[in-house]
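Report on the structure
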Amino acid sequence: MQAAVGDPTLQSLAADRLAIEGVSHEIDGGRFAAKVVAGEPVEIEADIFSDGHDEIDAAFLWRPRGAPEFSELPMTFLVNDRWSVTARFPEPGDYEISFVAWRDLYATWRKEVTKKHAAGQPIALELEEGRQLIEAAMGVEGRAGREDKQRLKDLLKEDKALAKDTGADAEAARFARLGAPEVLDLMQAVGPRTNLTPYKVLPLHVDRRAAAFSAWYEIMPRSQSGDVNRHGTFDDVIARLPYVRDLGFDVLYFPPIHPIGKTNRKGRNNSLTAQEGEPGSPYAIGAPEGGHDALHPELGTFDDFRRLMDAARDHGLEIALDFAIQCSPDHPWIREHPEWFDWRPDGSIKFAENPPKKYEDIVNVHFYRDALPGLWYALRDVVLFWVGHGVRIFRVDNPHTKPFPFWEWMIAEVRNAHPDVIFLAEAFTRPKVMKRLAKIGFAQSYSYFTWRNEKAEITEYLTELTQEECRHYMRPNFFVNTPDINPKFLQTSGRPGFRTRLVLAATLGGNYGVYNGYEICEAAPVPGKEEYLNSEKYEIRVWDMDQPGHIKDDIRLMNRLRAEHPALQGFDNLSFYHAGNDQVLAYGKQAGDDFVLIHVNLDPHNVQSFQFEVPLWEFGLPDDASVEVRDLIHGNSFTWHGKYQWLELDPETRPYAIWQIFAPGVPR
């Protein structure tokens, strides 16, 4: 049966004549938002094509979510129906993006007439067709302004005068005018968009820069007194700020700073029984003094906390807090909201055991049944409480053990009011779970970097993170160690291994983190475990950061180079290069004219010699070309001649080399 002329389904299908697909920043069909950084250029691509051989054009649309109108940017054809646009988004927040594509009849006309004219064929009739296309552009509502219409009128008037003459020369003169490049630009701007095809609206989240580029230093405030017999205070932390800033970090992160319960309190080395005066684990949150919106009384008051926040800001540091949802059995919520917790048949509360691990000093909330929505609101309000006290970065403990819908809702609630808030997901868990947490809103993510030590596995994992779709929504934070994880590599590698892992974390990642003690190569383990002996989680420690063998100079160097070199501030600009030794990792990053090449000896016990390739092809140079090079460790400059060079890295002297390569014509 023939469809009626007015069939709306057929008309709608016929209208969308062009194809738009393969959008780079479309995550799961638009279910989740890709992530970009405010003020920084981002290249967004899509496949755009149509039937036949007509010229087409495309535009990228963007607006802050809720804005009435889209802004538009023209797209550029790349190759093989791939189109691109470079966009910048001014402020953090939620945005909407889309695309439109259309058949450009004027550009098609110009292309075809150019061929006929070059072949010596008469084009008088084609010139009239071009004139009609220009006349049609004057009638397009909302696209041609007064000045544009006047330019079109003047053009038609000029063409009318030229049309009085006949012959090939007259036709050539008319075509030279109607088909001039400036006329093509004008028609692209104001002409009809035939078969205008829109794409669906996609979400996009724009973060502030610290979400993509940051260096974290983690301390436990209670260990900052310098005396194992005195609990540290916020004033003690203030005294430590110059040290942290001198190392070059910009984020100072605290584990929980709330009151600690006494019921089943843990003792030294995770003992199930605490001795008198032992402080317990800061993750056993809650006591008669308060819960998640209270401060441990020995740390200080909220006035003291405010002074700390102000002092940190004066030192160029931002404070990050731990958001750990678990509760001590002494938490006020257990008495006030028993429906938020799980209870056993005998009436006792269910502890957070994970055999063989025992966590009787904490209990977990549940998120459904009678806890919904009250608990959800309470947890959101805890975050907003600390935002009200100036905190804009939260490291979230074990988010993979809480419902995805909760995080998606809570993070959106907070960011709607405060778009600059950053959440880091501490989730060493299954790959798809880590990626889902990133999709639902976490700006940064822990990763498997901590356990990637061999050349092949580092290359494979970083290629996945920087080249596959996850690069548009998952930003790893490469922590070299944490209070919970004392990696086996560090337990056995000595000082060279600490230097190696530092360089890898700081230069491979845009975000990386160090837990204090790393600078003095602290690695004493609980035998057979990836845990620290005499862990600061269960006792107050005193740290001598000036003891022999420290690597503070390496840390300062890494943070200085990161600050000075735009190439090291990116993440998905990473490329791996050839080094003829399986114990040596060679990689580089480029941003504009800044190109940094890095070699790292992954073997902490042996000298490694190797031949490596200078990536001359990155500069469009032949294999026998020469490039100017600066050694970014020692500061000297020299020339590399040819593609192949030799190097030796001794782990005892310096297990890494970092070079800046200058493209021809780029001043040093």
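Analysis parameters
- Residues numbered from 1 in each chain as written.
- Predicted model: local features only at pLDDT ≥ 70, side-chain atom pairs only at ≥ 80, totals over all residues.
- Heavy atoms only, no water.
- UniProt positions renumbered as here; feature names shortened; annotations may be inferred.
- Helix = DSSP H or I, 4+ residues; strand = E, 2+ residues; numbered from the N terminus.
- Buried < 20%, exposed > 50% of the residue type's maximum accessible area, 1.4 Å probe, protein only.
- Contact = heavy atoms within 4.5 Å.
- Areas by Shrake-Rupley, 256 points an atom, 1.4 Å probe, with all protein chains shown as cover.
- Lys, Arg positive; Asp, Glu negative; His and termini not counted.
- Charge placed at Lys NZ, Arg CZ, Asp CG, Glu CD.
- Core = buried A, V, L, I, M, F, W, Y, C linked by side-chain atoms within 4.5 Å.
- Polar contact = N/O pair within 3.5 Å; in protein donor to acceptor, adjacent residues only side chain to side chain.
- Pairing = 2+ DSSP bridges.
- Axes fitted to C-alpha atoms, helices over the stretch in contact; angles between N-to-C directions.
- Phe/Tyr/Trp six-rings, centres within 6.5 Å; stacked < 30°, edge-to-face > 60°.
- Lys NZ or Arg CZ within 6 Å of the ring centre and 35° of its normal.
- Expected span 1.5 Å × (residues − 1).
- Parallel < 35°, antiparallel > 145°, perpendicular 65-115°, else oblique.
- Left-handed = near helix turned anticlockwise from the far one by under 90°.
- Nonpolar A, V, L, I, M, F, W, Y, C, P; charged D, E, K, R; others polar.

In the nomenclature of an unreviewed UniProt entry, the protein is known as Alpha-1,4-glucan:maltose-1-phosphate maltosyltransferase of Halodurantibacterium flavum. For the record of the protein, the UniProt heading Subunit (unreviewed entry) holds the text "Homodimer."

Some points on the overall build of the protein
Looking only at helices and strands, the protein features 15 helices and 27 strands. Taken along its principal axes, the extent of the C-alpha atoms in the protein is 105 × 65 × 50 Å. Across the 668 residues of the protein, 54% fall into the buried class. Long-range contacts, defined as pairs at least 24 residues apart, comprise 75% of the intrachain contacts of the protein with a sequence gap of at least 6. For the protein, the accessible area works out to roughly 29300 Å², and carbon and sulfur atoms hold 50% of it. Computed over 74 positive and 101 negative side-chain charges, the inter-centroid distance for the protein is 2 Å.

Focus on the nonpolar core
Note that soluble globular proteins tend to have their nonpolar side chains buried in a common cluster. One finds F89 and W407 to be the most contacted residues of the largest nonpolar core, which totals 139 residues. With nine residues, the single largest contributor to this core is helix α14 (residues 488-508). Those residues in contact with W407 that lie beyond four places of it in its chain are F323, I325, V396, P399, K402, A412, L437, I440 and F442.

Here we look at the UniProt feature "active site" (unreviewed entry) in the protein
The UniProt entry lists D397 and E426 under the feature "active site" (unreviewed entry), expressed in the numbering used here. On the basis of their most widely separated C-alpha atoms, the annotated residues across 30 residues gather in one place, lying no more than 5.4 Å apart. Structurally, D397 can be placed in strand β15 (residues 393-397). Overall, the relative accessible area of 7% leaves D397 in the buried class. Non-local contacts of D397, meaning those with residues more than four positions away in its chain, are made with Y283, D322, F323, A324, Q326, K402 and E426. In this structure E426 comes out as buried when scored by relative accessible area, which is 7%. Engagement of the side chain of E426 in a polar contact is seen with the backbone nitrogen of N398, the distance being 2.7 Å.

Let's talk about the sheet that holds strand β4 (residues 42-49)
Paired through their backbone hydrogen bonds, the strands of a sheet run either parallel or antiparallel. In spatial order, the strands read β1-β4-β8-β7; together these four strands make up an open sheet with antiparallel pairing. Every other strand in the sheet has two partners, leaving β1 (19-21) and β7 (76-79) as the edge strands with one partner each. Between one strand and the next, the sheet's axes are offset by a mean angle of 40°, whatever the strand orientation.

What about the packing of aromatic side chains?
Tallied over the full model, the rule gives 48 aromatic pairs. In textbook terms, an aromatic cluster arises when at least three aromatic residues are bridged by ring pairs, as seen for F323, F367, Y368, W376, Y377, F394, F406, W407, W409, F423 and F442. Above the plane of the ring of F449 lies R501, whose end atom (NZ or CZ) is 4.2 Å from the centre. A cation sits over an aromatic face here: R541 above W543, 4.5 Å from the ring centre.

Notes on helix α13 (residues 455-467)
Counted at 1.5 Å a residue, the expected span for α13 with its 13 residues is 18 Å, and the 17 Å between its end C-alpha atoms agrees. Within the sequence span of α13, burial applies to K455, I458, Y461, L462, E464, L465 and T466. Elements that come into contact with the buried residues of α13 comprise α12 (431-439), β18 (477-479), α14, β20 (574-577) and β21 (584-591).

Topic: unusual backbone geometry
Between L372 and P373 the backbone carries a cis peptide bond, its omega angle lying at 10°. Following the sequence through the fold, P373 ends up in the loop between α9 (332-336) and α10 (374-388). A positive phi is found at N264, a non-glycine position, where the angle reads about 55°. Examined against the element boundaries, N264 turns out to sit in the loop between β13 (251-254) and α8 (302-314). The class for N264 is partly exposed, based on a relative accessible area of 33%. Of note in this structure, N269 is not a glycine but carries a positive phi near 55°. Given a relative accessible area of 34%, N269 falls into the partly exposed group.

So, the sheet that holds strand β22 (residues 594-601)
The six strands lie next to each other as β20-β21-β22-β27-β24-β25, forming an open sheet whose pairing is antiparallel. With partners counted over all chains shown, the strands left at the sheet margins are β20 and β25 (637-641), one partner each. For this sheet, the mean inter-axis angle between neighbouring strands, taken without regard to orientation, is 30°. In this structure, β20 lies alongside β21, joined through four bridges in antiparallel fashion. Considered in β21, the bridge of Y577 is made with A586. Relative to the sheet, α13 contacts β20 and β21, its axis offset from that of β20 by approximately 150°.

What to know about the packing of helix α3 (residues 124-138) against helix α5 (residues 168-178)
Relative orientation and spacing of two packed helices are given, respectively, by the angle between their axes and the distance between those axes. Viewed as axis vectors pointing N to C, α3 and α5 meet at an angle of 25°, and their least axial separation amounts to 10 Å. As judged from the angle between their axes, α3 and α5 are roughly parallel. Considering only the axes of α3 and α5, their crossing is left-handed. Across the interface between the two elements, A124, L127, E128 and I134 of α3 pack against E171, R174, F175 and L178 of α5. For the contact of α3 with α5, the per-class residue count stands at five nonpolar, no polar and three charged.

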